[in-house]
Amino acid sequence: MSEQDWEEQDSSEFIELGEYFVPERQVQMDVVTSLIPEPQNPAEFLDLCCGQGRLSEALLKAFPQATVVGLDLSRTMLDTARRELSAYESRFRTEQFDLAGKDWRTRDEAPAAVVSSLAIHHLDGDGKRELFRDVFAMLRPGGVLVIADLIQPVGERGVALARRMWNEAVKAQSLVGTGTTEPYEKFHALEWSCYEYPDDLDKPSPLFDQLGWLRDAGFNEVDLYWMKAGHAVYGGVKPGE
């Protein structure tokens, strides 16, 4: 993802509406945190494209020994994350980065976990393969990569199902959260769903391809852990512990 792909207005809209636009957002975060082994000593986690810091906060709560580095392209997102997670003081810090860039992929400390939510789909297939290889290289032995993201159904029936289920999820969450369908209407006004409004920003890849790329990168225990409405949580473990 580059500066041209994501604008600060997109960040502001997602901060306001992400609770309604992401199917079972809390469930996804619970799944991600449950897949990370409890570190036996102080450890660092990376949250790629951390946004406003919701997943980072879940990690900080679940793992008191861990520090979390939230990386994002958007200054709006990073400012929001720093403000909302200020109570964690030095356990949370931020870095501005380009997901597709290489400079951030060499770390002074090998992370025990790398997580990402709704970001990897901005890379094309080659970009995902390269990212998986680089994350594998940077992780400490026994470290994990856990991704929550959009995936590309391989047939039109799968696309139609993902589209319908995402619409239904957003409408239901809008009604529960606001008593109205206003967030659902904004979901369509903003043309948010890549299954209904394809664009050049979203480049989801088939799940089976990504699981293969993770194995090719060297990960063990590669698996799909959760899936709904075209959103999936998947990942693997670096051997060694």
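The structure this text deals with has already been given above.
Conventions we followed
- Here the residue index of a chain counts from 1 through its sequence in written order.
- The predicted nature of this model means local features are confined to residues of pLDDT at least 70 and side-chain atom pairs, given and counted, to a pLDDT of 80 or more, with totals for whole chains, interfaces and linings taken over all residues.
- As a rule here, side-chain values cover all heavy atoms of the structure and leave hydrogens and water aside.
- Each helix is a run of H or I in the DSSP string that is no shorter than four residues. Each strand is a run of E no shorter than two, and both are numbered from the N terminus.
- Only the C-alpha atoms count toward the radius of gyration. The rule for a globule is 2.2 Å times the residue count to the power 0.38.
- Relative accessibility decides the category of a residue: with a 1.4 Å probe and only protein chains considered, values under 20% of the type maximum give buried, values over 50% give exposed, and everything between is partly exposed.
- Two residues form a contact once any of their heavy atoms are found within 4.5 Å.
- For accessible areas, the Shrake-Rupley method is used with a probe of radius 1.4 Å. Any residue's cover is judged against the shown protein chains and nothing else.
- Under the counting rule used here, the positive set is Lys and Arg, the negative set is Asp and Glu, and His together with the chain ends is not counted.
- Each charge is placed at NZ for Lys, CZ for Arg, CG for Asp and CD for Glu.
- Criterion used throughout: strands pair if DSSP finds at least two bridges between them.
- Convention adopted: a line fitted to C-alpha atoms gives each axis, helices being fitted over their contacting stretch, and angles between N-to-C directions are expressed from 0 to 180 degrees.
- Angle categories: roughly parallel below 35 degrees, roughly antiparallel above 145, roughly perpendicular from 65 to 115, and oblique for all the rest.
- Each crossing is labelled by how the near helix is turned from the far one, with a counterclockwise turn of less than a right angle marking it left-handed and a clockwise turn marking it right-handed.

A closer look at the overall build of the chain
Helices and strands together make up the secondary structure of the chain, namely eight helices and seven strands. Expected size for 241 residues packed as a compact globule is a radius of gyration near 18 Å; at 17 Å, the chain falls within 12% of this value. With respect to the three principal axes, the spread of C-alpha positions in the chain is 45 × 40 × 30 Å. Evaluated residue by residue, the chain yields a buried proportion of 54% over its 241 residues. Taking all contacts inside the chain whose residues are at least 6 apart in sequence as the whole, residues at least 24 apart take part in 72%. Looking at the chain as shown, the accessible area adds up to about 11,000 Å², and 49% of this sits on carbon and sulfur atoms. Here the chain holds 24 positive side-chain charges and 42 negative ones, and the gap between their average locations is 3 Å.

Regarding the sheet that holds strand β6 (residues 220-228)
Reading across the sheet, the seven strands line up as β3-β2-β1-β4-β5-β7-β6 and stay open at both edges, with mixed pairing between neighbours. Bordering the open sheet on either side are β3 (92-96) and β6, each of which pairs with just one other strand. Taken pair by pair, the neighbouring strands of this sheet meet at an average axis angle of 15°, ignoring direction. Relative to strand β4 (residues 113-117), strand β1 (residues 43-48) runs parallel, the two being bridged by four bridges. Counted as the bridge partner of L48 is S116 from β4. Contacts from helix α5 (residues 125-138) reach β1, β4 and β5 (144-150) within the one sheet, and its direction differs from that of β5 by about 150°.

A look at the packing of helix α2 (residues 25-34) against helix α3 (residues 54-62)
Look at α2 against α3: their axes get within 10 Å of each other, and the N-to-C directions meet at 45°. Between α2 and α3, the angle is such that the two are oblique. Here α2 and α3 pass one another in a crossing that is right-handed. Within the contact between the two elements, α2 uses R25, Q26, M29, V32 and T33 and α3 uses R54, L55, A58, L59 and A62.

Let's talk about unusual backbone geometry
Residues other than glycine seldom take positive phi values, yet C49 does so here, at roughly 60°. Relative to the assigned elements, C49 resides in the loop between β1 and α3. Residue class for C49 comes out buried when judged on its relative accessible area of 10%. Look at E191: it is not a glycine, yet its phi comes out positive at around 50°.

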